[in-house]
Amino acid sequence: MPENHSLGSDAVGAVPVHGGPHGGGGANQIRVRAYNERLLLSLVRRTAGLSKADIARLSGLSAQTASVIIRALEHDGLLRRGEPVRGKVGKPSVPMALNPDGAYSFGLKIGRRSADLVLMDFVGTVRERRIETYKYPTPATIRQFVRTAINSLIARLTPAQCARIAGLGIAAPFELWNWVDEMGAPEHDMNAWREIDLAEDIGEIVSFPVFLQNDATAACGAELVFGQGANYADFAYFFIGSFIGGGVVLNQAVYAGRTGNAGAFGSMPVGDRAGNPSQLIDQASLFVLEEMLTAEGINPDRLWRDPESWDDIGPQLDRWITQAARSLAVAITSVCSVIDFETVIVDGGFPAHVRDRVVAATRAAVMGLDLQGIAMPRVEPGVVGNGARAIGAASLPLFSRYLLDQNVLFKQVEG
């Protein structure tokens, strides 16, 4: 299988090797071979149905070199051949595709009210999922959940499949201890998060590499890689979870920023309905809906137990959507006044019909604002949905080991 070397940039072409990618010796040739393998896998991932000739042309490698690498990747089980496509002349074209069973990874989302662990294959399909709800997260709760859930999922795999696990990615809010009041958690329990390095802590209970990323940034990466983000070179991304967050994509790459916290849109000032100072996080987060339900004597646990089914939530949901859309519209115009985004994508931890209502209400609210000097962006729904944070986390080990995209990675710990 391709060796785990440092990543390059998607914008860089192949590095040719004299004598073919598996010829010669020395560390430099091994690095070049690994880079070219990553490049070819990345090309096939981005564009389905490429033939060997297409791959050679797009990579800049010779037809012979590309063919040798493709055969090696087929042998390693990372690529597979599709059915030949016959043209009018010449030999049939054989499309290449990533082998879904070529690699697996785990993705862990740590939220304020629930944890979500997924097992994902090489093409981004979630094979298995485990969810745990709680009043608030503690390091001990998360450790136990990870240990139990991963052991359960590994028990369902064959030894050959286990050998293809690339690692575990974690998507978690940074500085969890700062949200004591909003979560209703004892301060001493939340302060426990100050004392640990999360990636190292989890790395002690698994036998493979662990990666850490901000939860909203991970969700943004999932939309870029597996959603409709590939349709746009640049976009701003809002993800509405327990607390709202976001991400920034520039030139088809997630921009994480100096501290990995770029797109922390929850901190943006938007004001409340009465015009008093307020932040987006206090107007458009799901904990606001939770508080509305609690005030009406309705158990809010359904928001976290089954985020795909909110059919019995009525007036409170209507009020929350109106409030969230109004604040999102202000945040969107602020973001687009700094970077001229053509598109803003909105997604969240709720059913698709709720997402569509939020997007429609946000579009209408944006149109009601003074947009002088600002180009009106398209406001589009995300398509990855509630699992975006865990899926984005699961993509981290796959990109680190097999593909070319250093911009979605933040921190790695060897398990």
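The structure presented is a predicted model; accordingly, all values stated were derived computationally and were not measured. (Residues numbered from 1 in each chain as written. Predicted model: local features only at pLDDT ≥ 70, side-chain atom pairs only at ≥ 80, totals over all residues. Heavy atoms only, no water.)

Focus: the overall build of the protein chain
Next up, step 1: Helix and strand counts for the protein chain stand at 15 helices and 13 strands.
Next up, step 2: Within the span of the protein chain, comprising 415 residues, buried residues form 55% of the whole.
Next up, step 3: Residue pairs in contact within the protein chain that sit at least 24 positions apart in sequence constitute 67% of those at least 6 positions apart.
Next up, step 4: Here the protein chain has roughly 17,900 Å² of accessible surface; of this, 49% comes from carbon and sulfur atoms. (Helix = DSSP H or I, 4+ residues; strand = E, 2+ residues; numbered from the N terminus. Buried < 20%, exposed > 50% of the residue type's maximum accessible area, 1.4 Å probe, protein only. Contact = heavy atoms within 4.5 Å. Areas by Shrake-Rupley, 256 points an atom, 1.4 Å probe, with all protein chains shown as cover.)

Some details on the pairing of strand β7 (residues 210-214)
Next up, step 1: The buried count for β7 comes to five of five residues, which makes it a mostly enclosed element.
Next up, step 2: What you see with β7 is no split at all: V210, L212 and N214 on one side and F211 and Q213 on the other are buried throughout.
Next up, step 3: Taken together, the five bridges between strand β6 (residues 165-172) and β7 define a ladder with parallel strand orientation. When the sheet's bridge partners are listed, A172 is paired in β7 with N214. (Pairing = 2+ DSSP bridges.)

With respect to the pairing of β6
Next up, step 1: Taking burial as the measure, the eight residues of β6 include eight buried ones, the bulk of the element.
Next up, step 2: With five bridges joining them, strand β3 (residues 104-110) and β6 adopt parallel strand pairing. When the bridges of β6 are listed, L108 appears paired with I170.

Describing the sheet that holds strand β10 (residues 253-254)
Next up, step 1: A sheet is described by the order of its strands in space; here five strands give the open sequence β10-β9-β8-β11-β12, paired in mixed fashion. The strands lining the two open edges of the sheet, one partner per strand, are β10 and β12 (378-381).
Next up, step 2: Sheet topology places strand β8 (residues 235-240) next to strand β11 (residues 343-348); six bridges connect them, and they run parallel. Looking at β11, one finds that Y237 is bridged to I345.

What about the side chain of S242?
Next up, step 1: Checked against the element boundaries, S242 lands in the loop between β8 and β9 (244-250).
Next up, step 2: S242 has contacts with R112, R113, S285, L286, F287 and W304, leaving out every residue within four places of it along the chain.

Regarding the environment of D356
Next up, step 1: With respect to the helices and strands, D356 occurs in helix α14 (residues 352-367).
Next up, step 2: Accessibility expressed as a relative area gives 38% for D356, which makes it partly exposed.
Next up, step 3: Separated by 26 residues in the primary sequence, D356 and G382 have C-alpha atoms spaced 9.3 Å apart.

Here we look at the nonpolar core
Next up, step 1: Formed by 45 residues in total, the largest nonpolar core has its most connected members in L41, L79, F122, F235, Y237 and Y402.
Next up, step 2: Secondary structure elements with two or more residues in this core: α1 (27-46), α2 (52-59), α3 (63-75), β2 (96-98), β4 (114-121), α9 (215-226), β8 and α15 (388-402).
Next up, step 3: For this core, the element with the highest residue contribution is α15, accounting for seven residues.
Next up, step 4: F238, A284, V288 and W304 belong to the second-largest nonpolar core, a separate cluster that totals 39 residues. (Core = buried A, V, L, I, M, F, W, Y, C linked by side-chain atoms within 4.5 Å.)

A short note on the pattern of salt bridges
Next up, step 1: Counted according to the given criterion, the structure contains 14 salt bridges.
Next up, step 2: A salt bridge links E74 to R81, with the shortest nitrogen-to-oxygen separation between them at 2.8 Å.
Next up, step 3: With relative accessibility at 45%, the residue R81 sits in the partly exposed group.
Next up, step 4: Note that D318 is salt-bridged to R357, the shortest N-O span being 2.7 Å. With D318 in helix α13 (residues 315-338) and R357 in helix α14, this pair connects stretches of sequence that are 39 residues apart.
Next up, step 5: When salt bridges with common partners are traced through the structure, they connect D101, D121 and R127 into a single cluster. (Salt bridge = Lys/Arg side-chain N within 4 Å of Asp/Glu carboxyl O.)

Comments concerning the packing of helix α11 (residues 286-295) against α13
Next up, step 1: Look at α11 against α13: their axes get within 10 Å of each other, and the N-to-C directions meet at 145°. As α11 packs across α13, the resulting crossing turns out to be right-handed. Of α13, the residues touching α11 (which contributes L286, V288, L289, M292 and L293) are Q316, L317, R319, W320 and Q323.
Next up, step 2: Residue classes in the contact of α11 with α13 are distributed as seven nonpolar, two polar and one charged. (Axes fitted to C-alpha atoms, helices over the stretch in contact; angles between N-to-C directions. Left-handed = near helix turned anticlockwise from the far one by under 90°. Nonpolar A, V, L, I, M, F, W, Y, C, P; charged D, E, K, R; others polar.)

Considering the environment of I205
Next up, step 1: Mapped onto the elements of the fold, I205 is located in the loop between α8 (198-203) and β7.
Next up, step 2: According to the relative accessible area criterion, I205 is partly exposed, its value standing at 26%.
Next up, step 3: For the pair formed by I205 and I150, sequence separation is 55 residues and the distance between their alpha carbons is 9.9 Å.
Next up, step 4: Apart from residues no more than four positions distant in its own chain, I205 is found in contact with R143, V146 and R147.

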